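Observations on the model geometry
Read off the chains here:
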Amino acid sequence: MIDWNTLLEGISLFMSWSNFLLIIVGLAFGVTLGAIPGLTGSLGIALMLPLTFTMDPLPAFVFLISIYTGGLFGGAITAILINTPGSPAAVATTLDGYAMTKRGLSGKALGLAIGASSTGGLIGAIVLLIIIQPLASFALKFGPTEMFIIAVFGLTIISSIQEGGFIKSIYGGLFGILLGTVGMTSTGAMRGTFGNVQLLDGIPMIPALIGLFAVSELFVLADKKYVSNKQEGVIEQSYSSQILSGIKRVYKYPFNLLRSGSIGVFIGALPAAGSTIASLVSYNEAKRFSKKKAEFGKGSEEGLVAAESANNASEGGALATMLVLGIPGSASTAMLLGAIIMQGWVPGPRLFIDNSEVLYGIIFSVVIQVILLLVVGAIIAMLAGKIINIPNNILVPIIITFALIGSFAVRNMIFDAFLVFIFGLIGWYLRKNKYPIIAVVLGLILGPIADKELLRSVQLHGENTMLAFIERPVSLILIIITIIGVLTPILMERYGKKKQQTN
Amino acid sequence: MQKTFSNGPFIHRIIVATSILILAVIYFFDVKDLKNPHDRLLISPVFWIMVILYPIIIWQEIREAKKTIHDSEEVEGDGDSYRLTKKVGFFMISVMIYLILLNYIGFIISTILFLPALMWILGTKSRLFPIIFSIIATGLLYLFFDILLGIPLPIGILIEGVL
């Protein structure tokens, strides 16, 4: 648990105006990058990494982690305003966020996202502060069998998608899984690349996401005058008050925040799981526990709060695994690990023992960051919110150019920009024929994780793989939770129908 | 209500389900011959579930199509927003041309040409505004990506040859 003396020393190390300034600059940079489709917070960390070389460890990490925090939230801005997840972690945010924008409630949706991100981040930071060591050690007990079940658990969200019906959702999800397994396997075999070297690493996630979500939406928007149906150029209520009311409304869902925050921290702590799975799983759980299930996907506040709070809470878990065990769970934490090495520190369990004051100072800075995110996020969201007042004949050309160039920028390949267009066409045609795009996206994101972990399980346990799933206690508990998770909504729905008939 | 059902949406839905299955079959046969059976651990069950689901989807579509004729209701999800209008068709073609041009004449020239063209396709009436807007927007994008973030934008094969 917390060593209070060391924590106080860490806080006193942190307390300087320059650190607060670094947080504001880092957050603004991270939020802006996160909001641009194709660019992520990890790119921001990579760009700023050389600048921190001459800095002391504490301000260097305060700055880099601020970019990370900002980047996690930034993806929500475009997810809400133009149905384009700025990062894969904001996929679940598009489901209800964009639906709210179409109803003329973009300000409120942004406010909800800011409030949920900040609170989720705070939960993550507090957990990080309290149980940094036990949490990180427990996460290490997760082997490939457990990670496979986690991925399957994430995929169960497909069963609750209402758009297009159950069978079409499953069919789309399976198609996504197949797409996600394209590329070179860990054994060196080529799958579905048909000689194309650009597909060796698989179908790149960012172009696929931008194409399926954003470009397909742009094809639909081309026939409309404005993004939002309600407003034809003029916002009735002041945008800032919409955002503020959204921030306040977050606290009407305390259990949702706690549940989603806890899911976020826990999944964030698992190596290679990360914020995307965290937000998807907690969105699914929010739907399962909600009394207003029918509103999910149509602009549910609960759905938005769950997705965003888990997304930012995952930062606490990911930092715990990275700081204590030296295991990076994502591109961003890998970059931060690089920064640790650059500072002359050795990653691993001794890092916490040797530099506990500085590390406590860094963790305390995360608490300050998520509080300041309320202000920085609100200011940037207010500016970004003006996007939906731009007529589509100007907005659409700009967004598509950004989407194509942003995708090109990830690997410097025109091929990726072509992929955006191809996935845009696929997404548009699927929507037209009532196939839920989110099912394909879930398969695409979780399919490769499930595939990799299943392969590792078989390599590890051989013929006893099936037995390992049942024999390992954590794995067995996860299987039971998954089965309960799938069956509960079906049984609840039947019970509800029976009750209605009786009444 | 006027009877609005046509074979259009039904055929399109069959095309989607069938195209997905064809892609799955091609992929399945591609991985079928891999030496290590571990490389298709997840793919095989996923593929066979899709094969089972396909006839169910087709049956569902036929049932829905019959129901639509019977009820004489408008086909859901096939509203104006999802119809391929001329505007959307030209939009798609212009993106395709832009991507090809991007490879040959680079980011700056192709974007200066693409932005006003797309703005006119999408209904901008002014002749001058799109041109000025495209020059400014291209400049800002170039500044942001190339100068600020240090991400090199495509120069284009032809321009690179000249340089």
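Residues numbered from 1 in each chain as written. Chains lettered and ligands numbered in written order. Predicted model: local features only at pLDDT ≥ 70, side-chain atom pairs only at ≥ 80, totals over all residues. Heavy atoms only, no water.

With respect to the overall build of chain B
Note the following rule: Secondary structure elements follow DSSP: runs of H or I no shorter than four residues count as helices, runs of E no shorter than two count as strands, and numbering proceeds from the N terminus. Contacts between residues were defined by any pair of non-hydrogen atoms, one from each residue, lying within 4.5 Å. Working definition of accessibility: Shrake-Rupley area with a 1.4 Å probe, residue cover restricted to the visible protein chains.
From N to C terminus, chain B includes five helices and zero strands. A sequence separation of at least 24 residues applies to 60% of the contacts in chain B between residues at least 6 apart. With an accessible surface of roughly 9,600 Å², chain B has 68% of that area assigned to carbon and sulfur atoms.

Points about the overall build of chain A
Spelled out, the test is: Exposed residues in this analysis have more than 50% of their type's maximum accessible area, buried residues have under 20%, and partly exposed residues fall in between, with area computed by a 1.4 Å probe over protein chains only.
The helix and strand tally for chain A stands at 21 helices and two strands. Counting the 503 residues in chain A, one finds 64% classified as buried. Residue pairs at least 24 apart in sequence account for 79% of intrachain contacts in chain A once pairs closer than 6 positions are excluded. As displayed, chain A offers around 18,200 Å² of accessible surface, 68% of which is attributable to carbon and sulfur atoms.

Remarks on the pattern of salt bridges
Note the following rule: By salt bridge we mean one thing: a side-chain nitrogen of Lys or Arg within 4 Å of a carboxyl oxygen of Asp or Glu.
Under the counting rule described, the total for this entry stands at twelve salt bridges over all chains. Salt-bridge contacts for Lys168(A) lead to Glu61(B); the nearest nitrogen and oxygen are separated by 2.9 Å. Placement of the pair is Lys168(A) in helix α8 (residues 166–180) and Glu61(B) in helix α2 (residues 43–71), with the two residues belonging to separate chains. Overall, the relative accessible area of 4% leaves Lys168(A) in the buried class. Each member of the salt-bridge network shares a partner with another, and the members are Lys168(A), Lys434(A), Arg13(B), Glu61(B) and Glu64(B).

Quick word on the nonpolar core
Heads up, the condition is: Note on terminology: a nonpolar core comprises buried Ala, Val, Leu, Ile, Met, Phe, Trp, Tyr and Cys residues joined through side-chain atoms within 4.5 Å.
Counting residues in hydrophobic clusters, the biggest one holds 118 residues, and the most contacted among them are Ile77(A), Leu319(A), Ile400(A) and Phe91(B). Within the second largest apolar cluster, 79 residues are counted, among which are Ala208(A), Ala306(A), Ala17(B) and Ile43(B).

Some details on the packing of aromatic side chains
All names here are of chain A. To keep things clear, this is the line we draw: Between the rings of Phe, Tyr and Trp (Trp by its six-membered ring), a pair exists once the centres lie within 6.5 Å; its type follows the angle of the planes, with under 30 degrees stacked, over 60 edge-to-face, and the other angles tilted.
As enumerated under the stated definition, the model contains 15 aromatic pairs over all chains in all. The interplanar angle of 75° and the centroid separation of 5.7 Å between the aromatic rings of Phe14 and Phe364 together place this pair among those described as edge-to-face. Of this pair, Phe14 sits in helix α1 (residues 4–14) while Phe364 sits in helix α16 (residues 356–384); the two residues are 350 residues apart in sequence, bridging distant segments of the chain. Judged by its relative accessible area of 0%, Phe14 is buried. Judged by its relative accessible area of 16%, Phe364 falls in the buried class.

Focus on the interface of chain A and chain B
To keep things clear, this is the line we draw: What gets called buried area is simply the loss in accessible area from a 1.4 Å probe that two parts show on being joined, summed for both. Any N or O atom pair separated by 3.5 Å or less is treated as a polar contact, with the protein-specific requirement of one donor-capable and one acceptor-capable atom, and with residues adjacent in sequence counted only for side-chain atom pairs. Residues are grouped as follows: nonpolar covers Ala, Val, Leu, Ile, Met, Phe, Trp, Tyr, Cys and Pro; charged covers Asp, Glu, Lys and Arg; every other residue, Gly included, is treated as polar.
Contact with chain A, which involves 65 residues of that partner, is made by 71 residues of chain B. Buried surface at the junction of chain A and chain B, both sides included, amounts to about 6,100 Å², of which 78% is carbon and sulfur. At the junction of chain A with chain B, the criterion picks out eleven residue pairs in polar contact (both at pLDDT 80 or more). Elements supplying a minimum of two residues to the side of chain A that touches chain B: α3 (41–48), α8, β2 (190–191), α9 (205–221), α17 (392–411), α18 (414–432) and α19 (437–461) of chain A. Split by residue class, the side of chain A that touches chain B holds 44 nonpolar, 13 polar and eight charged.

Side note on the confidence of the model for chain A
Operational definition: Per-residue confidence from the prediction method is given by pLDDT, with values spanning 0 to 100.
Averaged over all residues, the pLDDT of chain A equals 83, while 89% of them reach at least 70. When pLDDT is averaged over each helix and strand of chain A, the minimum, 72, is found for helix α15 (residues 349–354) of chain A and the maximum, 92, for α18(A).

Focus: the packing of α9(A) against α17(A)
All names here are of chain A. Quick note on the threshold: Every angle, taken between N-to-C directions, lies between 0 and 180 degrees, and every axis is a line fitted to C-alpha atoms, over only the stretch in contact when it is a helix. In this scheme, roughly parallel covers angles under 35 degrees and roughly antiparallel covers those over 145, while 65 to 115 is roughly perpendicular and the rest are oblique. By definition, any crossing whose near helix is turned counterclockwise from its far helix by less than a right angle is left-handed, and any crossing with a clockwise turn is right-handed.
At a minimum axis distance of 11 Å, the contact between α9 and α17 shows a crossing angle of 170°. The orientation of α9 relative to α17 falls into the category roughly antiparallel. As α9 packs across α17, the resulting crossing turns out to be left-handed. Between α9 and α17, the contacting residues are Ile206, Pro207, Ile210, Val215, Leu218 and Leu221 on the first element and Asn392, Val396, Ile399, Ile400, Ala403, Ser407 and Val410 on the second. Its residues placed into classes, the contact of α9 with α17 shows eleven nonpolar, two polar and no charged.

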